[in-house]
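Each chain, written out:
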Amino acid sequence: MAEQAAIRHELAANLTVQQIKQLERRSRRESLGRAWYKFSRNPLSIVGVATVALVVLLAIFAPWVTPYPKHAGAFTDFAHAKIPPSLEHPFGTDQIGRDVLTRIIFGLRSSLLMGVVVLALVVPPGVLLGLLAGYYQGTWIDTVIMRVTDIFLSVPPLILALAVASVLKPNLWNGMMAVSLMWWPWYTRLVYGLGVALRNEYFVSAAEVTGASTAHIIFREILPNTISPILTKMSLDVAWVIIIGSMLSFVGLGVQPPEPSLGTMVADGSRYLPDQWWIAVFPALAIVVVVLGFNLLGDGVRDMFAAEEI
Amino acid sequence: MSTLNFLVRRIIYSVFVLLGLSIVIFVIARIMPGDPARMAVGARAPQWVVDRIREQMHLNEPLPVQYGYWLRDALRGDFGLSLVTQRPVTSDIREFFPASLELVLFSGFLSAVGGIGLGVLSARYKDTWIDNIVRLFSYAGVVTPSYIFAILFVLLLGWALKWFPIIGRLSEEVTAPPVVTGLITLDALLAGQFGTFLDALRHIVLPALSLAMGAIAQEARITRSSMADNLSKDYIASARALGIPERIVMGRFLLKPSLIPTVSILGLDIAATFSVAFLVELIFNWPGLARYGMQSMMHKDLNAISAVILILGAIFVTVNIVVDIIVAWLDPRIRLSAARSA
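Residues numbered from 1 in each chain as written. Chains lettered and ligands numbered in written order. Predicted model: local features only at pLDDT ≥ 70, side-chain atom pairs only at ≥ 80, totals over all residues. Heavy atoms only, no water.

1. Some details on the interface of chain B and chain A
In this assembly, 39 residues from chain B lie in contact with 39 residues from chain A. Carbon and sulfur atoms make up 81% of the area that chain B and chain A hide from each other, which totals about 3500 Å². Counting across the interface, chain B meets chain A through zero salt bridges. Connecting chain B to chain A are five residue pairs in polar contact (both at pLDDT 80 or more). (Contact = heavy atoms within 4.5 Å. Buried area = accessible area lost by both parts, 1.4 Å probe. Salt bridge = Lys/Arg side-chain N within 4 Å of Asp/Glu carboxyl O. Polar contact = N/O pair within 3.5 Å; in protein donor to acceptor, adjacent residues only side chain to side chain.)

2. Considerations on the pattern of salt bridges
Two side chains that carry opposite charge are able to pair once their charged atoms sit near each other. Here the structure, examined in full by the defined rule, presents 15 salt bridges over all chains. Note that K233 of chain A and D237 of chain A form a salt bridge whose closest N and O atoms lie 3.4 Å from each other. One end of the pair is K233 of chain A and the other is D237 of chain A, both in helix α11 (residues 227-250) and four residues apart, which spans about a single turn. Its salt-bridge partner being R169 of chain B, residue E102 of chain B comes within 2.6 Å of it at the nearest N-O pair. Here E102 of chain B, found in helix α5 (residues 89-124), pairs with R169 of chain B, found in the loop between α7 (146-160) and α8 (184-190); they are 67 residues apart in sequence, far enough to count as distant. For the residue pair E102 of chain B and R169 of chain B, the accessibility class agrees, reading buried in each case. Put simply, R72, D73 and R76 of chain B are held in one network by salt bridges that share partners. (Helix = DSSP H or I, 4+ residues; strand = E, 2+ residues; numbered from the N terminus. Buried < 20%, exposed > 50% of the residue type's maximum accessible area, 1.4 Å probe, protein only.)

3. Notes on the packing of aromatic side chains
To describe a pair of aromatic rings, one takes the distance between the centres and the angle between the planes. For the structure on display, the rule yields 14 aromatic pairs over all chains. Relative to W70 of chain B, the ring of Y67 of chain B lies with its centre 6.2 Å away and its plane at 35°, an arrangement referred to as tilted. With Y67 of chain B and W70 of chain B both in helix α4 (residues 63-75) and three residues apart, the pair spans about one turn of that helix. The ring of Y135 of chain A carries the charged tip of R199 of chain A above its face, separated from the ring centre by 4.4 Å. When the ring centre of Y187 of chain A is taken as origin, the NZ or CZ atom of K233 of chain A, which lies over that ring, is 5.5 Å away. (Phe/Tyr/Trp six-rings, centres within 6.5 Å; stacked < 30°, edge-to-face > 60°. Lys NZ or Arg CZ within 6 Å of the ring centre and 35° of its normal.)

4. Section: a positive patch on the surface
Taken together, the side chains of K21, R25, R26, R28 and R29 of chain A define a basic patch exposed on the protein surface. Checked against the element boundaries, R25 of chain A lands in helix α2 (residues 17-41). (Patch = residues over 30% accessible without salt bridge, like charges linked within 9 Å, V, L, I, M, F, W, Y side chains within 5 Å. Areas by Shrake-Rupley, 256 points an atom, 1.4 Å probe, with all protein chains shown as cover. Lys, Arg positive; Asp, Glu negative; His and termini not counted. Charge placed at Lys NZ, Arg CZ, Asp CG, Glu CD.)

5. What about the nonpolar core?
Formed by 128 residues in total, the largest nonpolar core has its most connected members in L162 of chain A together with F278 of chain B. Discounting residues that sit within four places of it in the chain, F278 of chain B has contacts with I159 and L162 of chain A together with A290, G293, M294, M297, V308 and L312 of chain B. (Core = buried A, V, L, I, M, F, W, Y, C linked by side-chain atoms within 4.5 Å.)

6. Digging into the side chain of R169 of chain B
Here R169 of chain B falls in the buried class, since its relative accessible area comes to 14%. Side-chain polar atoms of R169 of chain B contact the side chain of E102 of chain B, separated by 2.6 Å.

7. Side note on a nonpolar patch on the surface
Residue and element names in this part refer to chain B. Residues L4, V8, I11, I12, V15, F16 and L19 make up a contiguous nonpolar surface patch of about 620 Å² in total accessible area. Locating I12 in the fold gives a position in helix α1 (residues 2-31). Judged by relative accessible area, I12 falls into the partly exposed class, the value being 45%.

8. Some words on the confidence of the model for chain A
The share of residues in chain A with pLDDT of 70 or more is 94%, and the mean pLDDT across the chain is 85. Taking the mean pLDDT of every element in chain A, the minimum, 59, falls on helix α1 (residues 2-13) of chain A and the maximum, 92, on helix α5 (residues 100-135) of chain A. (pLDDT = per-residue confidence, 0-100.)

9. Comments concerning helix α11 (residues 246-284) of chain B
Residue and element names in this part refer to chain B. The end-to-end C-alpha distance of α11 is 45 Å, clearly below the 57 Å that 39 residues give at a rise of 1.5 Å each. Of all the bends found along α11, the most pronounced is centred on V276 and spans about 50°. Remark: N285 follows α11 within two positions and exhibits a positive phi of approximately 50°. (Expected span 1.5 Å × (residues − 1). Bend = angle between axes of the 7 residues up to and from the residue.)

This is how it looks when you write it as structure tokens:
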């Protein structure tokens, strides 16, 4: 090992800056290829990617791929209400005559939006607080941040999210706010644990003695080493956020009718169980498929990073 | 002595966490638009009544002082009147809590037995078809929200097969046993009404199972992977080399240390079940705390919402302490390091 390092060092000494950069780029490309290889070795990860891709494409192109785009809104057609699954309506029609398949595909939009927006709102502040608390470990900054985190983690996130959402005006955005408000502590605690461990690594001390600024140490030395656990958690969290979002709309605190949402469709449809089972069962299955897709994808990402660390 | 020390510190810390939670709840309750005094007396009450109520509820004082009054009352067990039921929140909770507790206990029991059982089975027959079926089942359990399980169970086991009733805690023709603990199954046994016990048991199966499915799946996964990890350790090989029967190696040497992660997660899952119960109780029309909390959220009944969340927080924190104790008992290393650091 030492010999190799010496050779590499000697090589590096004879290279121009441009050549070094080129080598770095190549090695990055190679490690990306290796990561993809590790990811794709598990067929379930590929199933996950394919499911997620399909769901995203369906959601984006909903107005063009659905058979009855008008049914996504406040459409009523009582003459065709509660039709069981048929060729014309593969998943049947609901209590006021709207095509269930169409509404499911449009409903994917709010579910995905929820997952993306909540994580976008939650990860930056959560990670930043974790970094700060980890870097200033043992000081009052650490104490304040981590004790507040503990308070939020002392109750299951669903309850507080429900409470906040119930106090606000019920709609998709307030639902997202409520979930976000409860979700950041998980990232803070994750990054805090990593940060405390990294704080004592030699490369951090090395940066310190060469006079690097606090900001440089936090963002250029510690942060890059926490990225893979954060990405892993994010990819698994999308599924959880979608589930919590569907629970909020199930109890009427998320997306408001006539806007379609999977949770609301299950809730409304469950009133017509068991005779018109398709109104509730197909949206329920759609939630399971979406969540399963993101979970498989998340597991693949986790395995990819886990293998890399060995 | 030092374990005791560790425990006392843990409890004191939890009290501070709960105090913090009460501040969070108070703030949430106060960010709501609208005048709590006006909501308490209704839209048609004259202004002077509202003013008097404002005075009584200390709403004219600064927020920290209001919090002080609120906390003092909460510590006395007085959460004010519920806007929905027009009764003290505390007596509402006393009425609804046992139903939820019964549900959560049953679901916890199912999670522990089912999860550990399936996990052990899966680890024992690793990489055979039994293992594969268990793993497939676990995956389905982890990705399916409990309210979807509830709907599927209602449809399949309740309606199509008619194995279990799907509404409430008892059949209409069955008279409830005298209330002792509030847990109908237990009360029925205490009163010696075996038929009532069976009826209550049949009612609780579907909601408890819907709540437990996720936890069963998770516990099975964790138990399996933890047993698989420990199986390759040297002490198992040496136990086998010494000729100790496989049954004892599995049961005594492998299972106990492998259950440590399972127990920690199981505890958190059981405590979290109270929150998931919000949806499941709604579906099964189960007259529990979660359904009460849900109704109060729908009606913006702040006194009830605050009380329910604070109580669930207290349960969660308590369960966490209990889990720590059980884990310390299972793992002598934790006991020793706690003793050393204290």
